[in-house]
Amino acid sequence: MSLLDAARQVRENAYAPYSKFKVGAAVRGASGQIYHGVNVENVAYPEGTCAEAGAIAAMVAAGETQIIEVAVIADSPTPVPPCGGCRQKLAEFSRHDVPVTLATTSGERLETSVGDLLPGRFDVSHMDNA
Ligand code: THU
């Protein structure tokens, strides 16, 4: 199964009763394993979590820390780019050249990379205790 198909499939399980905007995400770890995530909203709005964050959490819980591919899909007129927080979360576990596919349920695609989503990223090399 392609990573985008995985994201499309898991999107069905998104919990978005407030925004009605369901998002599915999938990341592939260096092992080749696919990890899925969906947005999970909350009646206390700021407590909601993004699909990308869910996929990353599943990967880390499984013992992996290297992302080699990302896919995100939503029912929107154009492919929805990840929020700023998710760009930083993806960058924590990805090289700059990791490919990212952003897609719509109607078939639009935008191919980009983690580095293009977050140029000039803050990472551990900026910390003098690293
Ligand atoms: N959302 C994601 O899960 N990922 C994105 O890349 C963009 C936005 C979610 C957050 C919220 O549940 C809903 O979409 C509307 O912002």
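Below is a short write-up of the structure. (Residues numbered from 1 in each chain as written. Predicted model: local features only at pLDDT ≥ 70, side-chain atom pairs only at ≥ 80, totals over all residues. Heavy atoms only, no water.)

As a further point, take helix α1 (residues 3–11). Of all the residues in α1, the buried ones are Leu3, Leu4, Ala6, Ala7, Val10 and Arg11. Viewed along the axis of α1, the buried residues span an arc of 160°, placing them on a single side of the element. Where α1 is buried, its residues contact β1 (23–29), β2 (34–38), β3 (67–74), β4 (99–104) and β5 (109–113). (Buried < 20%, exposed > 50% of the residue type's maximum accessible area, 1.4 Å probe, protein only. Helix = DSSP H or I, 4+ residues; strand = E, 2+ residues; numbered from the N terminus. Arc of directions from axis to C-beta. Contact = heavy atoms within 4.5 Å.)

Taking strand neighbours across the sheet as the criterion, the five strands line up as β2-β1-β3-β4-β5 in an open arrangement whose pairing is mixed. Either end of the sheet is taken by a strand with one partner, and the two such strands are β2 and β5. Averaged over all pairs of adjacent strands, the angle between strand axes in this sheet comes to 15°, irrespective of strand direction. Bridge count for β3 against β4 is five bridges, and the pairing is parallel. Directly across from Ala74, in β4, lies its bridge partner Thr104. (Pairing = 2+ DSSP bridges. Axes fitted to C-alpha atoms, helices over the stretch in contact; angles between N-to-C directions.)

A few words on the site of the ligand. Around the ligand, a shell composed of Ser19, Phe21, Val23, Asn39, Glu41, Cys50, Ala51, Glu52, Val80, Pro81 and Pro82 is seen. In the environment of the ligand, an oxygen atom lies 2.5 Å from a nitrogen or oxygen atom belonging to the side chain of Glu41. Looking at the shell around the ligand, its residues break down into seven nonpolar, two polar and two charged. (Near = heavy atom within 4 Å. Polar contact = N/O pair within 3.5 Å; in protein donor to acceptor, adjacent residues only side chain to side chain. Nonpolar A, V, L, I, M, F, W, Y, C, P; charged D, E, K, R; others polar.)

Because the α-helix completes a turn every 3.6 residues, residues three or four places apart line up on one side. Taken together, the buried positions of helix α3 (residues 84–92) are Cys86, Leu90 and Ala91. End-on, the buried residues of α3 take up no more than an arc of 140°, which puts them together on one face. Of the residues in α3, the exposed ones pointing more than 90 degrees away from the buried face are Gly84 and Glu92. If you follow the buried residues of α3, they end up packed against β1, α2 (51–61), β3 and α4 (114–117).

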